[in-house]
Amino acid sequence: MINLFSQKPARDPDAVLRIKQWAIDLLGLGSDVAVTVMELSCTEEGCPDVETVVGILEPGCQRKFKVFKPLAEVLRDDLEKVVRESIKEQE
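Values in this document were obtained by computation on a predicted structure and should not be read as measured data.

(A) Spatial organisation of the overall build of the protein. Scanning the protein from N- to C-terminus turns up 2 helices and 3 strands. The helix and strand sequence of the protein, counted from the amino end, reads α-β-β-β-α. Buried residues in the protein amount to 29% of all 91 residues. Pairs at least 24 apart in sequence give 36% of the contacts found in the protein among residues at least 6 apart. Of the roughly 6600 Å² of accessible surface on the protein, a fraction of 52% belongs to carbon and sulfur atoms.

Structure, rendered in structure tokens:
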């Protein structure tokens with residue numbers, strides 16, 4: 001269950017911008033595509049304590065990629081791996 005009243009960690013705007021740019025580069029996204037980056041926490045069993053979710057909002061299509069790390073710890077390689085895995089699943 002997600003606790004809506006818990007203290008949220010301070011967002012690192014540089015990390016958010018960096019991850020957004022990585023997503024744009026890795027997926028070859030145009031300027032008409034919105035990219036969101038969020039750090040979410042979860043207390044459900046089997047759910048990671050913290051995950052970073054990258055949302056891609058294209059006209060007529062929405063995708064999301066989850067990296068099971070806090071936002072500040074996400075590396076380009078982490079995002080590249082989940083993007084590659086998602087592409088393989090779609091083939």
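(B) Region of the structure containing the sheet that holds strand 2 (residues 50-58). Spatially, the 3 strands line up as an open sheet ordered 1-2-3, and their pairing is antiparallel. Every other strand in the sheet has two partners, leaving strand 1 (34-41) and strand 3 (61-67) as the edge strands with one partner each. Taking the axes of each pair of neighbouring strands and ignoring which way they run, one obtains an average angle of 20° across the sheet. As defined by bridge partners, strand 2 adjoins strand 3 across 7 bridges and the pair is classed as antiparallel. Opposite Leu57, over in strand 3, you have Gln62 as the bridge partner. Against the sheet, helix 1 (residues 13-27) makes contact with strand 1, strand 2 and strand 3, and its axis sits at roughly 130° relative to strand 1, the strand it touches most.

(C) Just the pairing of strand 2, in detail. Here 8 bridges tie strand 1 to strand 2, and the two strands are oriented antiparallel to one another. Of the residues in strand 2, the one forming a bridge with Val37 is Val54. The antiparallel pairing of strand 2 with strand 3 creates a hairpin that spans 2 residues between the two strands, and Gly60 there sits at a positive phi of about 80°.

(D) Looking closely at helix 2 (residues 76-90). Spanning 15 residues, helix 2 covers 21 Å between terminal C-alpha atoms, matching the ideal 21 Å at 1.5 Å per step. For helix 2, every residue scored as buried is listed here: Asp78, Leu79, Val82, Val83 and Ser86. Angular distribution of buried residues about the axis of helix 2 spans 130°; they occupy a single face of the element. Those residues of helix 2 that are exposed and aimed more than 90 degrees away from the buried face are Asp77 and Lys88. The elements touched by buried residues of helix 2 are helix 1, strand 2 and strand 3.

(E) Representation of the nonpolar core in the model. Of all hydrophobic cores here, the largest spans 19 residues; its most connected members are Ile19, Val54, Ile56, Phe65 and Leu79. At 6 residues, the largest contribution of residues to this core is made by helix 1. The contact partners of Ile56, leaving out residues within four places of it in the chain, are Ala23, Leu27, Leu29, Val33, Ala34, Val35, Cys61, Gln62, Arg63 and Phe65.

(F) Local environment of the pattern of salt bridges. In the structure shown here, the tally under the stated rule is 4 salt bridges. Arg76 is the partner of Asp25 in a salt bridge, and the nearest nitrogen-oxygen pair spans 4.0 Å. Of this pair, Asp25 sits in helix 1 while Arg76 sits in helix 2, and the two are 51 residues apart along the sequence. For Arg76, a relative accessible area of 32% puts it in the partly exposed group.

Rules used throughout
- Residues numbered from 1 in each chain as written.
- Predicted model: local features only at pLDDT ≥ 70, side-chain atom pairs only at ≥ 80, totals over all residues.
- Heavy atoms only, no water.
- Helix = DSSP H or I, 4+ residues; strand = E, 2+ residues; numbered from the N terminus.
- Buried < 20%, exposed > 50% of the residue type's maximum accessible area, 1.4 Å probe, protein only.
- Contact = heavy atoms within 4.5 Å.
- Areas by Shrake-Rupley, 256 points an atom, 1.4 Å probe, with all protein chains shown as cover.
- Pairing = 2+ DSSP bridges.
- Axes fitted to C-alpha atoms, helices over the stretch in contact; angles between N-to-C directions.
- Expected span 1.5 Å × (residues − 1).
- Arc of directions from axis to C-beta.
- Core = buried A, V, L, I, M, F, W, Y, C linked by side-chain atoms within 4.5 Å.
- Salt bridge = Lys/Arg side-chain N within 4 Å of Asp/Glu carboxyl O.

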